[in-house]
Amino acid sequence: MKRFLALAVVASIAVSVSPAGAQNDIQYLPGPWHFKSIPCVDTTVVIVTPRLGNEGQTTYPKQQFIDTGVAVWFNTTLGSDPADKPSRAGVVHYQDSRGNNVMMAERKGDKVQVCFLGAPAPTSSCDPDKDSRGRTYRVYDYKQKQQYNGLNSEHDCGGA
């Protein structure tokens, strides 16, 4: 039993420190989820932008998404800490990440299901009560009938 717990802790730490794109290879059950143990909400897309952009930029050429990655933010605070300035749920991908084509095709107002898969575990460099980065989401786009997942930031909790 002790060995199992030790392996589980090591596995959770390895997942929490992996780069944002590394978790996008997981093949989750397709379609909308209706599980009692996983918090999910139907909501809408607020904004789709390249991962890297310029302040004040309002139009984005497709090549900028391809070169830098994609960020999508949703009209929900699911997974954020309401005691510490709730923030919108979102997913940020680096270039060439699985799911980028689905993310790039989304538009403001598109209906999606956002599921909160978890926050990082506390470590010596991560206090998830103070650092909102590293929360993991799974998103199902109803119009495209496609899904993607990832972290809500380009760096994990306690990262750069």
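In case you missed it, the structure is sitting above this.
**What to know about the pattern of salt bridges**
Here is step 1: Scanning all chains against the criterion turns up three salt bridges.
Here is step 2: The closest approach of N and O atoms between R51 and E154, which form a salt bridge, is 2.8 Å. Separated by 103 residues along the polypeptide, R51 in the loop between β1 (40–50) and α2 (62–68) and E154 in the segment after β6 (146–151) bring together distant segments of the chain.

**A few points about the nonpolar core**
Here is step 1: Core analysis: the biggest nonpolar cluster contains 18 residues, and V70, V72, F74, V91, V114, V139 and Y148 have the highest contact counts within it.
Here is step 2: Listing elements by their share of this core, those giving two or more residues are β1, β2 (70–74), α3 (100–105), β4 (111–118) and β5 (136–141).

**Some thoughts on the sheet that holds β1**
Here is step 1: Taken together, the six strands give an open sheet; going across it, the order is β3-β2-β1-β4-β5-β6, and neighbouring strands pair in antiparallel fashion. Across the chains shown, the open sheet's two edge strands, defined by having one partner strand only, are β3 (90–93) and β6. Strand-to-strand, the axes of this sheet are offset by a mean angle of 30 degrees, without reference to chain direction.
Here is step 2: Sheet topology note: the β1/β4 ladder contains five bridges and is antiparallel. Its bridge partner lying in β4, T44 is registered against K111.

**With respect to the state of the cysteines**
Here is step 1: For the structure on display, the rule yields two disulfides.
Here is step 2: Residue pairing for C40: its cysteine sulfur links by disulfide to C115, the two sulfurs lying 2.0 Å apart. Note on the C40 and C115 pair: the S-S dihedral is about 110 degrees, so by sign convention the disulfide is right-handed. In this pair, C40 is assigned in strand β1 and C115 in strand β4, connecting sequence segments 75 residues apart.
Here is step 3: Take C40: its relative accessible area is 23%, and that puts it in the partly exposed class.
Here is step 4: Sulfur-sulfur distance for the disulfide between C126 and C157 comes to 2.0 Å. Taking the sign of the torsion about the S-S bond as the criterion, the disulfide between C126 and C157, at about 100 degrees, is right-handed. Taken together, the positions of C126 in the loop between β4 and β5 and C157 in the segment after β6 put the pair 31 residues apart, joining distant regions of the chain. Each member of the pair, C126 as well as C157, carries the same accessibility label: buried.

**Thoughts on the pairing of β5**
Here is step 1: Burial runs high along β5: six of the six residues are buried.
Here is step 2: Burial along β5 is two-sided: the residues T136, R138 and Y140 and Y137, V139 and D141 are all buried.
Here is step 3: Direction of pairing for β4 relative to β5: antiparallel, over a ladder of six bridges. If you follow V112 over to β5, its bridge partner there is D141.
Here is step 4: Where β5 and β6 come together, six bridges link them in antiparallel fashion.

**Overview of unusual backbone geometry**
Here is step 1: Positive phi, close to 65 degrees, is recorded for D96, a residue that is not glycine.
Here is step 2: When you line up the elements, D96 lands in the loop between β3 and α3.
Here is step 3: The phi dihedral of K145 falls on the positive side, at around 55 degrees, and the residue is not glycine.
Here is step 4: Residue placement: K145 occurs in the loop between β5 and β6.

Thresholds applied
- Residues numbered from 1 in each chain as written.
- Predicted model: local features only at pLDDT ≥ 70, side-chain atom pairs only at ≥ 80, totals over all residues.
- Heavy atoms only, no water.
- Salt bridge = Lys/Arg side-chain N within 4 Å of Asp/Glu carboxyl O.
- Helix = DSSP H or I, 4+ residues; strand = E, 2+ residues; numbered from the N terminus.
- Core = buried A, V, L, I, M, F, W, Y, C linked by side-chain atoms within 4.5 Å.
- Buried < 20%, exposed > 50% of the residue type's maximum accessible area, 1.4 Å probe, protein only.
- Pairing = 2+ DSSP bridges.
- Axes fitted to C-alpha atoms, helices over the stretch in contact; angles between N-to-C directions.
- Disulfide = S-S within 2.5 Å.

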